Amino acid sequence: FNSFYEFSVKELKNIATKEEVLLDVNSYKFVLQKFYKGGEYQETLNSDVDDTLFDEPFIVFEVDEIKEHKTLFPIVTVIIMDVFLQKMRKRKNRRKVLVIEEAWKAIASPNMASYIVYLYKTARKFNAEIGVVTQELDDIISNPIVKKSIIANSDTIMLLDQKKFRDDYDAIANLLSLSSVERKKIFSINALDNKDNRGRFKEFYCGRGGFGEVYGVEVSFAEYITYTTEKKEKDSFNHYLLKYDNDYKMALETYIEDFNISGLNLSRFADKINLSIA
């Protein structure tokens, strides 16, 4: 960015003089100088790109620390999307997926609407796809940009348990073009008595083209412990990680072995581990 800034300031002055037009170069400099060397955000647009990003099979960009930052959040979001575009174009021998989960405030702006549409349509040409995740229905319902640029281009819709929204579901049903039959399917999620002699599983609705079905996802105990979001279960497993110096495989195998020997259910086992460390 430093070299671009220096070039653009000089070139704008030349254009203003040559073409005899009024260009507020001083305002331009004032707005962007914070990203120039010596400025508050001099590292944001001047650091070298980490080349390993193009080889990593799985990348997570954590934006929680800056999601309320009016200056950095939209810029970092664009940088992340640009990294994906470059990866999408250059890695031609595999499927690519971009999942947007924490970037709602950035992608819901008018300036980003056309970019999101472009991203959806371009990704398909490069054996890639875009996924958008939200835990709040208002993110979808209340924003016209999200409605037009995301929902209209989403071929597949997956919904988890919607019971808490049952009394006020008309808005989301209309938005997703859900018929009364599809709504009945959705409200059957996790409601059927089909848990006997089954492993841990959660149900979800998967819809395409206005029609869908409810599926149950069963995972192994190892997968469950790996991805659980229950705090006491995570805490109990983290004790094993610390014990084995972050050797995830060893910690997981030992955790499962100790659990099987204990004869306890998972909730009581996790409590026992957490209490023994406290």
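Here goes a summary of the coordinates provided. This is a predicted model, so every value here is computed, not measured.

For residues that are not glycine, phi is negative in most cases, and the peptide bond is trans in most cases. With phi around 60°, N190 is a residue other than glycine that occupies positive phi space. Since its relative accessible area comes to 23%, N190 is described here as partly exposed. In the Ramachandran plot, N246 falls in the positive-phi region, its phi being about 65° despite a non-glycine side chain. With respect to the helices, strands and loops of the structure, N246 is situated in the loop between helix 11 (231-243) and helix 12 (248-262).

Attention shifts here to the pattern of salt bridges. Pairing between side chains of opposite charge can happen when their charged atoms approach one another. Applying the stated criterion across every chain, the model contains 11 salt bridges. A salt bridge links D170 to R183; its shortest N-O distance comes to 3.1 Å. Placement of the pair is D170 in helix 8 (residues 170-175) and R183 in helix 9 (residues 180-186), with a sequence separation of 13 residues. The partly exposed category is assigned to D170, whose relative accessible area is 47%. Judged by relative accessible area, which is 21%, R183 ranks as partly exposed. If you follow the salt bridges from partner to partner, you end up with E182, K185 and E213 in one network.

With that out of the way, let us pick up the packing of helix 11 against helix 12. Between helix 11 and helix 12, the least distance of the axes is 8 Å, while the angle of their chain directions is 120°. With respect to their mutual orientation, helix 11 and helix 12 come out oblique. In this structure, helix 11 crosses over helix 12, and the sense of that crossing is right-handed. In contact with E233, S236, F237, Y240 and L241 of helix 11, helix 12 contributes Y248, A251, L252, T254, Y255 and D258. A per-class count over the contact of helix 11 with helix 12 returns 7 nonpolar, 2 polar and 2 charged.

About the criteria used
Residues numbered from 1 in each chain as written. Predicted model: local features only at pLDDT ≥ 70, side-chain atom pairs only at ≥ 80, totals over all residues. Heavy atoms only, no water. Buried < 20%, exposed > 50% of the residue type's maximum accessible area, 1.4 Å probe, protein only. Helix = DSSP H or I, 4+ residues; strand = E, 2+ residues; numbered from the N terminus. Salt bridge = Lys/Arg side-chain N within 4 Å of Asp/Glu carboxyl O. Axes fitted to C-alpha atoms, helices over the stretch in contact; angles between N-to-C directions. Parallel < 35°, antiparallel > 145°, perpendicular 65-115°, else oblique. Left-handed = near helix turned anticlockwise from the far one by under 90°. Contact = heavy atoms within 4.5 Å. Nonpolar A, V, L, I, M, F, W, Y, C, P; charged D, E, K, R; others polar.

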